[in-house]
Amino acid sequence: MSGIVVLFFILDFISPVKTAFEYSPVIEGKDGVILHTYLTKDHQWRMKTRLDEITPELKKAIIFKEDKYFFYHFGINPISVGRAFVNNVFRLKRTSGASTITMQVVRMSEPKSRTYLHKIIEMFRAVQLELHFSKAEIFQMYLNLVPYGSNIEGVKAASILYFNKSPDQLSLAEITALSIIPNRPNSLVVGKDNKDIIVARNKWLKRFQKARLFPDNIINDAMAEPLTAYRHEAPKLIPHFALRIRQSYPGKAEVRTSIDANVQTKAENVLTNYSNALKLRNIYNASVLIIDNRTHSVAAYIGSSDFKDLFHNGQVDGVSAVRSPGSTLKPLLYGLSIDHGIITPKTVIADVPSNFQGYTPENYDLSFRGSVSAEDALRMSLNIPAVKLLDRLSVKYFCSALVNTGFTSIWQDRKKMGLSMILGGCGVKLEELTNLYAAFANEGRYFPLQFLVPDSVWLKNSKEKFDSTSIVKSIQVLSPEANYMLTEILSELYRPDLPNLNDKARNIPKIAWKTGTSYGRKDAWSIGYNKEYTIGVWVGNFSGKGVPDLNGAGTAAPLLFELFNTIDRNANAEWNKAPKDLAFRFVCPKTGKIPNDFCEEQVMDYYIPGVSNNERCDHLKEVWLSPDEKIAYCTSCLPQSGYRTKLFPNISPELAAFYDLNHIDYDKLPPHNPDCSRTFGGQAPVITSLTNGMTYLVIDKEQQQLQLSCNAANDVHKVYWYINNKFFTSTKSGEKSFFIPDNSVIKISCTDDKGRNSNIEIKVRFI
Ligand SMILES: [Zn+2]
Ligand SMILES: [Zn+2]
C-alpha cells in the first residue's frame, strides 16, 4: 500500500495536474455590470465564474444531477466505478454515471479517447486534483469548463449569452434548463429547441421534488416558468476603454473597472445627439471623460463619438490622444502665480503688445486691453497676461508642476518648452487635462487617475484577490486658498466663453470651467468641475482638419453643460468652501495693491497672508513742476523754491507706448526742464543697422532676419521699435533685435523713452 502512495507522489511530482485555463477577458463596470467581453485565443466564450457567483441552488442542482457523492469521495467514486466495471464486463448495459465531477474536470481539461488506459490516467488525475484543490475550487473548475453548445463553455458564459445575467442571478428554472444542455448540446439548442428543453427541464425538476431538494412551491413556480432564452450578442460596450484595459491587464479573466454604467449610458446618449448636429458643421469627432471626484476614478469614458465610423477614424481614442491644449492650462498658471505671491485676483496686469526675447504673442481677438485684472485676464483668457505670468513664474517651474501631475508629453518635450506652451504650444491628453481639473475640485490636491475598483474592495471573502492595491500618491498642486480663488474665477458666469445657449441648455449648471481652442481651430476644449464630477470634453477632427467655426466656447462648452445637466442635476450649489487661511483685504482697483493715501477707490480682494504681495499702490506718482506746470523737475534740477508738486499717472513705458499708439488720452507729464544737466539736448535715436532708402535682398523669406539697432542719447534707457506703424518690440538702449521682413516697402520707426523719434524707409526684395 505504501508503495502505491510513494508511486503516486512521484507521478504527481513528474506530471503535475493542469489547471490553468485561458478565460475570455471580461471587463466590468464598478457594480459588476459586464461592459465588454473578448473571445479566448481558441475562439471560445469561456468566462470565469467566481466562487461568490455560485449560489446554493446552482450547487445543489448540479451536484444532485452529476455527482451526488461529490463531497464524500476523493475524486473517484469506488461504488460507481465498480458498478460500471461489472456492467461493462457482463455487457448488462452501457456504462454511465461512473464519472465524478472531478473526473469530468480532468476529461474537459485534457480530452482523450475513451480507452481503459485513459480511464486509469483520468482517475489518477482526479485524485491529484482532489489532493491539490478544495471541493469548492474543483466545483468552480467544473462550472467554468462544462460545454453549453456552440462555442460557449462554462456556466458564466452560458448565463450571460443565453439569459443576459450573471450566474448568481439565475432562477431555479434557468439553472435546471442550463444543467441539461451539456448532455445534449446538439439536440437542445437554446432559442431553437426551447420546448424540448422545457420538457427535459421539468423532468429534472420533478426528480428534485422527489428528492426534496427544494421546497414544493419553488419547484412548482420553476415548472411554470416560461423559457424565452436565446443566444445574445456578447457585450461590446465602451470599446476604446475596454481595449485599453485589456491591454493593460493581459491574462486577467475579470477586470472590475470604475465605470459607472449609468453615467456612461447617459453621457453616450448626450454625445450621440450632440455629434449629429456637429456633423453638419464638418466636425466629426468628440471625446468625453468623466471623473468621479470622490474616488479619483473614471466614471465614464468615450474615446470617440462613433467607434464604428471608420471613415472618420472613429476607432481613435480621443481620451488618450495627444493634442494642443489651447488655453486650458491657464488656470494652473494663475493658481501657481497666486501661490507664489505674484498675483491676487485683483492684481492689474498690462495687456499691451509685448516682446519676450523675440516671441510676440497676440490675443485671440487680436486686440489689447491696456490694463486688466488677473481675474478678468483669466476669465477672458487673454494671452499677453498669461505669457507675462509664465515668464515671471518660469517655464521650467510650470513644466515641473505639469510633470508632477502626470503630463507625459510635457515630460518628453520638457527641454523644448517655451512661453508659447501656455497658449497651446505643447501636447496634452484629454485624460491628463481632466484629471488636473479634478485636482481643482479636490481643494488643489492631485490624485493619479484610477481606472479600476481595487480588488480588495469588490472581491469579498475570496482567495482570488490579485495584488493590485496600487499606492495612490497625491500631491498638493495648489494651496487650498489659491485653489479657492481660482474656482471662484472659473465659476463666474459673466465671461466671454459662456456659449450662446439655446432654450434647451439655458439651465446653466453650477460648475467651474474653462474652454480652449488650439491654433488653426483644430481642437475645441471645455473642462469643468463641481464637487461630484470633473468632465473633460474635446471636439474636433481626428484627421487634424481645422474648422473655421470650431472653438471651445461655441463648440465644446454647450456639450459640457448638457453633460452636467444630465448626469448631475441636483448638484449642491454651495460647494466651493473657503479654506481657513483665506483672507480678505481692500485694494486699489487701479493696481490691485494695498491702497495709498491718494487712492480714491477700494475694492475687496482675496489674499493669502504671508504669501501675497503687500506692496502699496503706486498708480500715481508725485512730480515736481514749475508754478505754471509747464516744466517738470528732477532731483538734480529742482530749484530751491518756487515749485509745486502734482500727482501724475504712474504709467510704464510699454503702457505709455500703447496709449500713444492707440490715441488713448492720459495725463501726460510736461517736458523735462531743458536746462537740466542730466538732459543732453534733444537728439533722437539714430538707426544704425539699416540705411534709409536702401534695398535689401532677402534670400529665404522664412529664415532671413533684418537687424534693428540704434544709437540713442545717454539719458535713454529703453527704445521702442515700430514696423509699418505697428509696435514691434522694445529693447534696452544699445540692445539688438531682429525681425522677419514680409513687405516690399517697410517703414521702421524708433522712439526713445523721452519720446524722441526717428523714421527710415527701406525696400526688401525676396530672391
Ligand atoms: Zn491706487
Ligand atoms: Zn532734471
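Enquirer: Any chance you could explain the overall build of the protein chain here in plain terms?
Expert: Within the protein chain, the secondary structure is distributed over 22 helices and 30 strands. Computed over its C-alpha atoms, the radius of gyration of the protein chain comes to 38 Å, more than 25% above the 27 Å expected for a compact globule of 767 residues. Taken over the C-alpha atoms alone, the protein chain extends approximately 140 × 60 × 60 Å along its principal axes. The buried share of the protein chain, reckoned over its 767 residues, is 52%. Accessible surface for the protein chain amounts to roughly 37,800 Å². Of this, 53% is attributable to carbon and sulfur atoms. Here the protein chain holds 91 positive side-chain charges and 78 negative ones, and the gap between their average locations is 9 Å.

Enquirer: Would you mind showing me how to read the sheet that holds strand E23 (residues 695–698) here?
Expert: Hydrogen bonding along the main chain pairs the strands of a sheet, whether they run parallel or antiparallel. Taken in spatial order, the five strands of this open sheet run E23-E30-E29-E26-E27, and their pairing is mixed. Every interior strand has two partners, whereas the edge strands, E23 and strand E27 (726–732), have only one. Across the sheet, the axes of successive neighbouring strands diverge by a mean angle of 30°, strand direction being ignored. Strand direction decides the pairing type here: strand E26 (residues 718–723) and E27, joined by six bridges, are antiparallel.

Enquirer: What is the right way to read the coordination of the zinc ion (ligand 1) from this model?
Expert: Six octahedral donors around a metal ideally make angles of 90 or 180 degrees; four tetrahedral donors ideally make 109.5 degrees. Protein coordination of the zinc ion (ligand 1) is provided by Cys 588 (SG), Cys 599 (SG), Cys 617 (SG) and His 619 (ND1), with donor distances spanning 2.1 to 2.3 Å. One way to put it: the four donor atoms around the zinc ion (ligand 1) meet at angles of 102 to 114°, and that makes the site tetrahedral. Expressed as a motif, the donor residue spacing for the zinc ion (ligand 1) is C-x10-C-x17-C-x1-H. With a gap of 31 residues between them, Cys 588 in the loop between strand E17 (583–587) and strand E18 (603–607) and His 619 in the loop between E18 and strand E19 (620–625) connect regions that are remote in the sequence. When its relative accessible area of 13% is taken as the criterion, His 619 is described as buried.

Enquirer: Looking at this structure, how should I read a nonpolar patch on the surface?
Expert: A cluster of nonpolar side chains, namely Val 6, Leu 7, Ile 10, Leu 11, Phe 13 and Ile 14, defines an oily patch on the protein surface of about 640 Å² accessible area. Checked against the element boundaries, Leu 11 lands in helix H1 (residues 2–14). Looking at Leu 11, the relative accessible area reads 36%, which means it is partly exposed.

Enquirer: I would appreciate a short explanation of the nonpolar core in the present structure.
Expert: One broad rule of soluble globular proteins: the nonpolar side chains tend to lie buried together. Counting residues in each nonpolar core, the largest one holds 78 residues, and the members touching the most others are Tyr 301, Leu 329, Leu 332, Tyr 334, Phe 398, Met 421 and Ile 422. Counting residues per element, this core draws most heavily on helix H18 (residues 430–440), which supplies seven residues. Each of domain 1 (16–224) and domain 2 (268–567) gives at least three residues to this core. Each residue touching Tyr 334, except ones within four places of it in the same chain, is listed here: Ile 343, Ala 374, Ala 377, Leu 378, Leu 382, Pro 385, Ala 386, Leu 389 and Leu 486. Ranked by size, the runner-up nonpolar core spans 64 residues in total, among them Ile 76, Ile 101, Leu 170 and Ile 180.

Enquirer: I would appreciate a short explanation of the side chain of Ser 479 in the present structure.
Expert: Relative to the helices and strands, Ser 479 resides in the loop between strand E13 (475–476) and helix H20 (480–491). On the basis of relative accessibility, which here comes to 16%, the residue Ser 479 falls in the buried class. A polar side-chain atom of Ser 479 sits 3.0 Å from the main-chain amide nitrogen of Ala 482.

Enquirer: Sorry if this is basic, but what is going on with the packing of helix H2 (residues 56–66) against helix H9 (residues 194–210) here?
Expert: Two measures define how a pair of helices packs: the angle their axes make with one another and the distance between the axes. Where H2 contacts H9, the axes come no closer than 11 Å and their chain directions differ by 95°. The pairing of H2 with H9 is recorded here as roughly perpendicular in orientation. Only Trp 204, Arg 207 and Phe 208 of H9 make contact with H2, whose side of the interface consists of Ala 61, Phe 64 and Lys 65. Here the residues of the contact of H2 with H9 sort into four nonpolar, no polar and two charged.

Enquirer: Could you clarify how one ought to interpret a positive patch on the surface in this entry?
Expert: Taken together, the side chains of Lys 68, Arg 184, Lys 203, Arg 207 and Lys 210 define a basic patch exposed on the protein surface. Mapped onto the fold, Lys 210 is located in helix H9.

Enquirer: Where do I start with empty space enclosed by the protein in this structure?
Expert: Which parts of space are left empty comes out when a probe the size of a water molecule is rolled across the atoms. Per the stated rule, a full pass over the model turns up three cavities of 30 Å³ or more. Each pocket or cavity is described by its volume, and for the largest cavity that value is around 70 Å³. If you go around the largest cavity, the residues you meet are Val 106, Arg 107, Glu 110, Lys 112, His 118, Ile 121, Glu 122 and Arg 125. Looking at the lining of the largest cavity, the elements that each hand over two or more residues are helix H4 (101–109) and helix H5 (116–132). Counting residues per element, the lining of the largest cavity draws most heavily on H5, which supplies four residues.

Enquirer: Just checking my understanding: could you explain the pairing of strand E29 (residues 745–752) for this structure?
Expert: If a strand is regular, its side chains alternate between the two faces of the sheet. Taken across its eight residues, E29 has six buried, putting it largely inside the fold. Across five bridges, E26 lies against E29 in antiparallel orientation. Bridge pairing in E29 places Val 719 opposite Asp 752. From the end of E29 to the start of strand E30 (residues 757–766), which pair antiparallel, there are four residues, and Gly 755 there has a positive phi angle of about 90°.

Enquirer: Hey, could you run me through the packing of H2 against helix H8 (residues 172–180) in this one?
Expert: Where H2 contacts H8, the axes come no closer than 10 Å and their chain directions differ by 35°. Regarding H2 and H8, the two cross each other, and that crossing is right-handed. Contact residues: H2 offers Glu 57, Leu 58, Ala 61, Ile 62 and Lys 65, while H8 offers Ile 175, Ser 179 and Ile 180. Among the residues forming the contact of H2 with H8, the class breakdown is five nonpolar, one polar and two charged.

Enquirer: Help me understand the environment of Pro 579, please; the structure alone is not making it clear to me.
Expert: Along the chain, Pro 579 turns up in the loop between helix H21 (552–567) and E17. Residue Pro 579 is classed as buried on the basis of its relative accessible area, which comes to 16%. With 290 residues separating them along the chain, Pro 579 and Leu 289 place their C-alpha atoms 28 Å apart.

Rules used in this analysis
Residues numbered from 1 in each chain as written. Chains lettered and ligands numbered in written order. Predicted model: local features only at pLDDT ≥ 70, side-chain atom pairs only at ≥ 80, totals over all residues. Heavy atoms only, no water. Helix = DSSP H or I, 4+ residues; strand = E, 2+ residues; numbered from the N terminus. Rg over C-alpha atoms; globule rule 2.2 N^0.38 Å. Buried < 20%, exposed > 50% of the residue type's maximum accessible area, 1.4 Å probe, protein only. Areas by Shrake-Rupley, 256 points an atom, 1.4 Å probe, with all protein chains shown as cover. Lys, Arg positive; Asp, Glu negative; His and termini not counted. Charge placed at Lys NZ, Arg CZ, Asp CG, Glu CD. Pairing = 2+ DSSP bridges. Axes fitted to C-alpha atoms, helices over the stretch in contact; angles between N-to-C directions. Donors = N, O, S within 2.8 Å, 3.2 Å for Na, K, Ca; no water. Tetrahedral: all angles 85-135°; square planar, octahedral: opposite > 155°, others 65-115°. Patch = residues over 30% accessible without salt bridge, like charges linked within 9 Å, V, L, I, M, F, W, Y side chains within 5 Å. Salt bridge = Lys/Arg side-chain N within 4 Å of Asp/Glu carboxyl O. Core = buried A, V, L, I, M, F, W, Y, C linked by side-chain atoms within 4.5 Å. Domains from an automatic or database assignment. Contact = heavy atoms within 4.5 Å. Polar contact = N/O pair within 3.5 Å; in protein donor to acceptor, adjacent residues only side chain to side chain. Parallel < 35°, antiparallel > 145°, perpendicular 65-115°, else oblique. Nonpolar A, V, L, I, M, F, W, Y, C, P; charged D, E, K, R; others polar. 1 Å grid on protein atoms, 1.4 Å probe; cavity = no way out; pocket = protein on both sides within 12 Å on 5 of 7 lines; lining within 4 Å. Points joined across faces, edges and corners; volume = space filled by probe spheres on them. Left-handed = near helix turned anticlockwise from the far one by under 90°.

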